[in-house]
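Each chain, written out:
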Amino acid sequence: MNRLEGNQNLEAHHLTRVSASTSMRRSHVLTLAILFTFLPIVSPLYAQAAASQTELIVIDGNAPSHPFPHFWEKMFGSGRAILSLREDYRSDLRAVKQITDFTYVRFHGIFNDEVGVYSEDSQGRAVYNFSYIDHIYDGLLAIGVRPFVEISFMPNQLAATHTLHPFWYRPNVAPPKDWSRWDDLVRAFVQHLIERYGLDEVAQWYFEVWNEPNLDFWAGQPKQETYWELYDQTAATIKKVNPRLRVGGPATAQAAWVDAFIKHCAEKQIPLDYVSTHVYANDTAQDIFGTQENIPRDRMVCRAVDKVHSQIKSSRMPNLPLIWSEFNASYKNEPEVTDSIYMGPWMADTIRQCDGLVDIMSYWSFSDVFEEQGVVKTPFYGGYGLVAEDDIPKPAFNAFKLLHQLGDHRLQLDSDSALLTRRAEGTLVLAVWNYAPPEQSGSPRTVTLQLKNTNAKRAYISRVDAEHGDVHHVYEKMGGPRYPTQKEIQELRRAADLPAPETDRLDHGEITITLPSHGLAVIELK
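What you are looking at is a predicted structure, and each value in this text was computed from that prediction instead of being measured.

**Student:** I tried to follow the overall build of the protein on my own but got confused; where do I start?
**Tutor:** The secondary structure content of the protein amounts to 15 helices and 22 strands. Relative to a compact globule of 526 residues, whose C-alpha radius of gyration would be 24 Å, the protein shows 23 Å and is just as compact. On the principal axes, the C-alpha backbone points of the protein span a range of 80 × 55 × 45 Å. Each of the 526 residues in the protein was classed as buried or not, and the buried ones make up 61%. Carbon together with sulfur atoms contributes 47% to the accessible area of the protein, which is approximately 19800 Å² in total. If you average the places of the 51 positive and of the 66 negative side-chain charges in the protein, the two averages end up 2 Å apart.

**Student:** When you look at the sheet that holds strand 21 (residues 510–515) in this model, what are you seeing that I'm missing?
**Tutor:** Paired through backbone hydrogen bonds, the strands of a sheet run either parallel or antiparallel to each other. Taken together, three strands build an open sheet; the order of strands is 1-18-21 and the sheet is mixed. This sheet does not close on itself; its edge strands, each paired only once, are strand 1 (55–60) and strand 21. Averaged over neighbouring strand pairs, the angle between their axes works out to 25 degrees when direction is ignored. Relative to strand 18 (residues 445–452), strand 1 runs parallel, the two being bridged by six bridges. Its bridge partner being in strand 18, glutamate 55 is matched across the sheet by valine 447.

**Student:** Got a minute to help me understand the packing of helix 4 (residues 131–143) against helix 5 (residues 179–197) in this structure?
**Tutor:** Helix-helix packing is described using two parameters, namely the angle between the two axes and the distance between the axes. One can describe the packing of helix 4 onto helix 5 by two numbers: an axis separation of 12 Å at closest approach and a directional angle of 50 degrees. Overall, the two elements helix 4 and helix 5 adopt an arrangement that is oblique. Two packed elements cross with a definite hand, and for helix 4 against helix 5 that hand is right-handed. In this structure, helix 4 contributes Ile133, Asp134, Tyr137, Asp138 and Leu141 to the contact, and helix 5 contributes Phe189, His192, Leu193, Arg196 and Tyr197. Per-class residue counts for the contact of helix 4 with helix 5 are six nonpolar, one polar and three charged.

**Student:** Help me understand the state of the cysteines, please; the structure alone is not making it clear to me.
**Tutor:** The bond known as a disulfide is covalent and runs between the sulfur atoms of two cysteines. Within the structure shown, the criterion is met by one disulfide. The partner cysteine of cysteine 302 in its disulfide is cysteine 354, sulfur to sulfur 2.0 Å. Linking cysteine 302 and cysteine 354, the disulfide has an S-S dihedral of approximately -110 degrees and is accordingly described as left-handed. Placement of the pair is cysteine 302 in helix 10 (residues 297–313) and cysteine 354 in helix 12 (residues 343–354), with a sequence separation of 52 residues. Here cysteine 302 and cysteine 354 have matching classes, each one buried.

**Student:** Before we go on, may I ask you to explain unusual backbone geometry in this structure?
**Tutor:** When glycine is set aside, most residues are seen to have a negative phi, and most peptide bonds are trans. Residue proline 250 is reached from glycine 249 by a cis peptide bond, and omega for that bond is 5 degrees. Checked against the element boundaries, proline 250 lands in strand 9 (residues 247–252). Tryptophan 364 connects to serine 365 through a cis peptide bond whose omega is 10 degrees. The phi torsion at glutamate 212 lies on the positive side, around 45 degrees, for a residue other than glycine.

**Student:** Can you help me understand the pattern of salt bridges in this one?
**Tutor:** Two side chains bearing opposite charge may form a pair once their charged atoms approach each other closely. Following the criterion strictly, the structure yields 31 salt bridges and no others. Across the pair aspartate 298 and arginine 299 runs a salt bridge whose closest N-O atoms are separated by 3.2 Å. For arginine 299, a relative accessible area of 29% translates into the label partly exposed. Each member of the salt-bridge network shares a partner with another, and the members are Arg80, Arg86, Asp88, Glu114 and Glu371.

Rules used throughout
- Residues numbered from 1 in each chain as written.
- Predicted model: local features only at pLDDT ≥ 70, side-chain atom pairs only at ≥ 80, totals over all residues.
- Heavy atoms only, no water.
- Helix = DSSP H or I, 4+ residues; strand = E, 2+ residues; numbered from the N terminus.
- Rg over C-alpha atoms; globule rule 2.2 N^0.38 Å.
- Buried < 20%, exposed > 50% of the residue type's maximum accessible area, 1.4 Å probe, protein only.
- Areas by Shrake-Rupley, 256 points an atom, 1.4 Å probe, with all protein chains shown as cover.
- Lys, Arg positive; Asp, Glu negative; His and termini not counted.
- Charge placed at Lys NZ, Arg CZ, Asp CG, Glu CD.
- Pairing = 2+ DSSP bridges.
- Axes fitted to C-alpha atoms, helices over the stretch in contact; angles between N-to-C directions.
- Parallel < 35°, antiparallel > 145°, perpendicular 65-115°, else oblique.
- Left-handed = near helix turned anticlockwise from the far one by under 90°.
- Contact = heavy atoms within 4.5 Å.
- Nonpolar A, V, L, I, M, F, W, Y, C, P; charged D, E, K, R; others polar.
- Disulfide = S-S within 2.5 Å.
- Salt bridge = Lys/Arg side-chain N within 4 Å of Asp/Glu carboxyl O.

Structure below.
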């Protein structure tokens with residue numbers, strides 16, 4: 001099957017996300033490391049043209065620096081709670097944990113009926129069952145990942161109305177029929193977590209109230225006022241269980257409501273430990289900023305992050321942490337974006353731009369074990385995950401693997417397509433890329449790196465490109481099978497493996513490299 005073919009249920013998801021763009025968007029290494037993707041073959045003509053346009057980047061080991069926490073790999077999103085019981089979900093979780101050492105995972109639907117937490121007996125009395133919740137959180141903690149607890153959605157028997165979201169698994173997004181019963185459920189849930197895992201553990205988790213209430217994930221009317229009520233009651237209940245527990249919101253789409261939300265919490269003295277919100281790179285300027293600008297895909301996310309960062313700093317609670325609990329290059333299923341080598345430069349540049357503006361960014365999502373549009377029907381359909389169906393790593397997985405090598409301090413660098421960092425032991429790490437929009441083929445880019453104040457003699461180069469860490473040429477040679485055989489799956493996994501870094505000797509403190517369009521690499525200088 002052609003890899004551009006997606007889920008048969010994709011159109012319904014597109015309708016939800018596109019309508020959200022108009023009315024309610026998606027209802028979701030001294031070592032130097034350079035990140036880029038190379039052209040597999042550079043013709044003499046291209047090489048000559050590139051050489052005539054060589055750029056110079058000066059790498060100064062003594063340049064001013066500032067702390068550079070890995071905010072982009074502390075947390076990842078995933079589909080919904082019940083999926084975490086599947087072995088393929090846990091296998092993908094282990095794989096991404098191994099390359100990023102991330103700390104938190106977020107998913108929807110911990111209160112969905114399929115988790116079985118809430119029901120009512122024949123007398124209408126609430127009955128709680130935490131069996132699946134224990135299996136879910138035990139599984140995460142065993143892998144070394146803590147939950148970022150999104151409190152959603154509404155159990156059907158607790159819902160005021162039977163208002164189901166269009167997602168394939170049809171969560172109920174109505175307010176509760178009885179606020180005291182909702183408070184009791186939240187209280188019992190949180191108390192159970194403390195009893196099972198201990199306060200010192202649970203106090204390191206985050207609780208987030210709901211998901212994207214400004215879209216069709218919340219049926220309360222009017223949306224903002226009724227979400228305030230949901231947040232106020234939920235946050236107060238959590239803090240009554242124990243004030244050490246961390247709670248926040250509003251978890252909105254399109255970077256919405258944050259200024260009003262902070263104002264509300266400040267005025268009403270509502271507990272608020274952090275702010276969370278979402279944006280995707282193909283959201284519109286109208287929806288995010290109320291303007292008619294044409295903001296390109298490589299600028300939208302950090303423009304939105306800067307907007308919210310500024311709102312926090314100018315608010316009555318200027319020290320609130322900002323947790324961006326969903327982002328990606330697309331909210332649609334676009335194989336040429338999220339399944340492709342495009343993600344390497346896009347992700348590297350997003351890190352460059354968002355540095356200093358946000359505490360945590362949660363890439364949506366770590367895995368294509370994901371059922372918002374239904375059961376996955378083909379390995380490559382533009383899913384959001386780093387890992388495709390059958391545990392096949394995508395180029396984005398390898399991009400995160402390389403980006404993890406960056407140091408924990410960022411050094412000043414005169415470039416808008418490179419990052420210079422230093423590790424704790426003194427190793428330098430540089431990221432450089434060749435960005436082009438996904439719909440454009442772009443041109444090669446040749447860069448000379450001139451080193452100052454380092455004693456490096458060799459460059460160790462790792463790459464992600466069409467010939468390194470991208471399975472698609474192998475998949476296409478197979479004929480794009482919708483259901484790859486076990487033999488084909490093993491071949492695809494091998495194709496996704498990154499080779500050992502190449503070694504190159506530095507010539508008088510310089511090295512020249514050519515990056516293809518959509519290029520990402522890591523170079524260690526030793």
